[in-house]
Amino acid sequence: MSECDLLSLATKGVQTLSPYQAGKPIDELQREYGVSDIIKLASNENPLGPSDKVISAIQSELAELSRYPDGNAFELKKALANKHSVNINQITIGNGSNDILEILTRAFVTPEHEVIFSQHAFAVYPIVTQAVGATAVVVPAKDWGHDLNAMQKAISDKTKVIFIANPNNPTGTWVDGNSLSAFLQAVPKNVLVVLDEAYFEFASFDPAAENYPSGLEYLNQYPNLIVTRTFSKAYGLAGLRVGYSVSHSQVADILNRVRQPFNANSLALKAAEVALADQSYLEEGIKLNAMGMQQLISAFDDMSLSYIPSVGNFICVNVGENAMNVYDDLLYQGVIVRPVANYEMPEYLRITIGTKEENTRFIDALKKVLNK
Ligand SMILES: *Cc1c(COP(=O)(O)O)cnc(C)c1O
């Protein structure tokens, strides 16, 4: 066997897998382009930074770092159960909600199965599907969003999981309560529906998202529903990695068998508990986002650029066929955004809403790069 054959040792799905493309880290841009004073609007992170309460909670936890975390995450689960009025045994904590998406795929999906998701949907769905060797069934989007009718029609007797991002990343589109309800009603009970609500806090605050549903309200009626949420976005804890799912307790029991025993670290557990209780930090971030969204939309209108209306903390703007060059030119201005060609959106860039100052810098840089 020659040296290059190692790839052939990997499982079939993994052989053709392309890794997740993350937003460019600030340090990397500094290193590679020699630019300084960089702003990053590329990974839908919270521009406020962590709250003082979170920082001091973490500091007081540091002395215990030689201990394993609570593998059952009792305190955080208790706080979540309380907040959402669900039973503690319905909750599964993940190392980010990404972890949950992966655990559930490993627990339920085999190479014989099909997994359904929408075109332009979150890139982790194809990755977790392919990693277990299952077949991805990608349903064409409608007006950039999920076409739930078509997704329903795509169900076969091989379908095991359906992923729905509500709202979706990167498009910022969302499905309303009536459509979701009808969809859940139509899906066979032996097919799991994963409702990814990573941006729930933004969408539920946004008056434009009329009749935006909380997946949690459907859990009693649909035991095959799994709702995932995260502390990475509105709660501002992306670096710590903590998210969770709420599901039927039997599903939670299954996820619990597959997950690593200490998948969420002690600092993350503590920080999430504190962040969950800090409603004012959450609201401050959500309001800042709403204002920033207006700021970007007005600027796009001024520049006659089209965009996809979004109820998340990010927005996709059409900068034309040279989007990759525009992305690169912005990097030289010290502004990191996200190209989305890998989402079949080659003319678009996804911009995370930043602080007012960051948004202004992005807008100025974009005007310069596009000669507007
Ligand atoms: C950011 C994101 C997640 C989860 O991120 P974690 O940091 O792993 O919690 C999940 N789904 C979507 C659609 C996202 O954009």
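Shown above is the structure to which this text applies.
Report on the accompanying structure. If you're wondering where the values come from, they're calculated on a predicted model, not measured in any experiment.

This next bit is on the site of the ligand. Around the ligand, the structure places Gly96, Ser97, Asn98, Phe122, Asn169, Asp196, Ala198, Tyr199, Thr230, Ser232, Lys233 and Arg241. Between the ligand and Asp196, the relevant distance is 2.6 Å, taken from a nitrogen atom to a side-chain nitrogen or oxygen of the residue. Between an oxygen atom of the ligand and a side-chain N or O atom of Arg241, the distance comes to 2.7 Å. Compared with its free state, where it exposes 380 Å², the ligand has 94% of that area covered by protein. Its residues placed into classes, the shell around the ligand shows three nonpolar, six polar and three charged.

Counted according to the given criterion, the structure contains 14 aromatic pairs. Ring centres 6.0 Å apart and planes at 40° place the aromatic pair Phe300 and Tyr307 in the tilted group. Judged by its relative accessible area of 22%, Tyr307 falls in the partly exposed class. Grouped by ring-pair contacts, the aromatic residues Tyr20, Phe117, Phe122, Tyr125 and Phe163 constitute a single cluster. One cation-aromatic arrangement involves Arg229 over Phe200; the distance from NZ or CZ to the ring centre is 3.7 Å. Its guanidinium or amino end placed over the ring of Phe314, Arg350 lies 5.9 Å from that ring's centre, counting from NZ or CZ.

Within the fold, His84 resides in helix α5 (residues 74–84). By relative accessible area, which is 15% here, His84 ends up buried. Within the structure, His84 has its side chain in polar contact with the side chain of Tyr244 (distance 2.8 Å). Leaving out residues up to four positions away in the same chain, His84 has contacts with Leu216, Arg229 and Tyr244.

Quick look at the environment of Ala121 now. With respect to the secondary-structure elements, Ala121 resides in the loop between β3 (114–118) and α7 (124–131). Each C-alpha atom, one on Ala121 and one on Asn169, is 6.3 Å from the other, the two residues being 48 residues apart in sequence. In contact with Ala121, not counting residues within four places along its chain, are His146, Asn168, Asn169 and Tyr343.

Conventions and cut-offs
Residues numbered from 1 in each chain as written. Predicted model: local features only at pLDDT ≥ 70, side-chain atom pairs only at ≥ 80, totals over all residues. Heavy atoms only, no water. Near = heavy atom within 4 Å. Polar contact = N/O pair within 3.5 Å; in protein donor to acceptor, adjacent residues only side chain to side chain. Areas by Shrake-Rupley, 256 points an atom, 1.4 Å probe, with all protein chains shown as cover. Nonpolar A, V, L, I, M, F, W, Y, C, P; charged D, E, K, R; others polar. Phe/Tyr/Trp six-rings, centres within 6.5 Å; stacked < 30°, edge-to-face > 60°. Buried < 20%, exposed > 50% of the residue type's maximum accessible area, 1.4 Å probe, protein only. Lys NZ or Arg CZ within 6 Å of the ring centre and 35° of its normal. Helix = DSSP H or I, 4+ residues; strand = E, 2+ residues; numbered from the N terminus. Contact = heavy atoms within 4.5 Å.

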